[in-house]
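Chains, contacts and geometry: an overview
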Amino acid sequence: MNPIAKQYIAGLKKAYYEKQGKESWDHFEMVKHGLAEENIRKLKELYPEIPEALIDLLKYVDGTYWREYEGEKITFYFLGSDMEEYPYYLLSSGEMIENRDLAAQYYKDYIEREYDEVEVDERITTTAKDLKWLHFSDCMNNGGTSQLFIDFSPSEKGTKGQIVRFVHDPDELSVIAGSFEEYLNMLMDNGYDFINEEFME
């Protein structure tokens, strides 16, 4: 397993245990499973530069948003962002494949800078037709407030593989990390602050 992914999962478990979430974590570990080999192949066909750290997270759990495991649908906070204490779900490999055109469909006008009032990071391309974003996470509000993407088609000022965060109201597209591993390190450095006793069942 990718060392950053392995470290991230171990730290996440510790954070759940320390925030009164031991029962939730133990149940999650008991029912979840990883993605099928077929979906690894499909993801690598669509995104040849998909980070191994993300593949390894999916090998550990193939999605945490109303994902059915052993006949039981689970919702489980697995990720965060630069938005303090705000939790996100990991999408399943199937959702990542299905959502491959979502960003170009929903954010074309923003990417092409058609609205002055919408802030768009200069490291993001201005050409929606060439967009290659992997949608890997939705926030706790069903993705309605925020979504996360790996950007394989940055502007000249950006970095291939950078992490883009969309946030709604006011709408904004920002680069929050230069790579997926840097993103996971950010969450670890922030002490998994999105795991909060308030959100425990």
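Residues numbered from 1 in each chain as written. Predicted model: local features only at pLDDT ≥ 70, side-chain atom pairs only at ≥ 80, totals over all residues. Heavy atoms only, no water.

Topic: the pairing of strand E8 (residues 172–177)
The buried count for E8 comes to five of six residues, which makes it a mostly enclosed element. In the sheet, strand E4 (residues 119–120) pairs with E8 via two bridges, with the strands oriented parallel. Pairing of Glu119 across the sheet is with Glu172, part of E8. Note that strand E7 (residues 162–167) and E8 share five bridges and pair antiparallel. Looking across to E8, one finds that Ile163 is bridged to Ala177. Here E7 folds back onto E8 in antiparallel fashion, the turn holding four residues, of which Asp169 has a positive phi close to 60°. (Buried < 20%, exposed > 50% of the residue type's maximum accessible area, 1.4 Å probe, protein only. Helix = DSSP H or I, 4+ residues; strand = E, 2+ residues; numbered from the N terminus. Pairing = 2+ DSSP bridges.)

So, the pairing of strand E5 (residues 133–139)
When you tally the buried positions in E5, you get seven out of seven residues, the bulk of the element. When strand E3 (residues 88–90) meets E5, the two strands line up antiparallel, connected through three bridges. Its bridge partner lying in E5, Tyr88 is registered against Cys139. Pairing geometry for E5 and strand E6 (residues 146–151), over five bridges, is antiparallel. Residue His135 lies in a different strand from E6, and its bridge partner there is Phe149.

Thoughts on unusual backbone geometry
Of the consecutive residues Asp169 and Pro170, the connecting peptide bond is found in the cis state with omega at 0°. Relative to the helices and strands, Pro170 resides in the loop between E7 and E8. In this structure, Glu70 takes a positive phi of about 50° despite not being glycine. Examined against the element boundaries, Glu70 turns out to sit in the loop between strand E1 (65–69) and strand E2 (72–75).

Here's the deal with helix H1 (residues 3–18)
For H1, built from 16 residues, the straight-helix expectation of 22 Å at 1.5 Å per residue is met to within 8% by its first-to-last C-alpha distance of 23 Å. Turning to H1, its buried residues are Ile4, Ala5, Tyr8, Ile9, Gly11, Leu12, Ala15 and Tyr16. Those residues of H1 that are buried are in contact with helix H2 (22–31), helix H4 (52–60) and helix H7 (180–189). If you check the start of H1, you find a side-chain oxygen 2.9 Å away from the backbone N of Ile4, and it comes from Asn2. Two residues or fewer past H1, Gln20 is found with a positive phi of approximately 65°. (Expected span 1.5 Å × (residues − 1). Contact = heavy atoms within 4.5 Å. Polar contact = N/O pair within 3.5 Å; in protein donor to acceptor, adjacent residues only side chain to side chain.)

Brief notes about the sheet that holds E3
Ordered by their spatial adjacency, six strands build an open sheet running E3-E5-E6-E7-E8-E4, and the pairing between neighbours is mixed. Each having just a single partner strand, E3 and E4 make up the two edges of the open sheet. Helix-sheet contacts for helix H6 (residues 102–111) involve E4, E5, E6, E7 and E8, and the interaxial angle to E6 is about 95°. Relative to the sheet, H7 contacts E5, E6, E7 and E8, its axis offset from that of E8 by approximately 85°. (Axes fitted to C-alpha atoms, helices over the stretch in contact; angles between N-to-C directions.)

Quick look at the nonpolar core
Grouped burial of nonpolar side chains is what soluble globular proteins tend to show. Tyr8, Leu54, Phe78, Leu79, Phe136, Phe180 and Tyr183 are the most contacted members of the largest nonpolar core, which totals 54 residues. Take this core: its biggest share by element is seven residues, from H1. When neighbours within four sequence positions are excluded, Phe136 is seen to be in contact with Leu54, Leu79, Tyr89, Leu90, Leu91, Met96, Leu148, Phe149, Ile150, Ile163, Phe180 and Tyr183. Counting residues in each nonpolar core, the second largest holds 16 residues, with Tyr107, Ile111, Phe149 and Val175 among its members. (Core = buried A, V, L, I, M, F, W, Y, C linked by side-chain atoms within 4.5 Å.)

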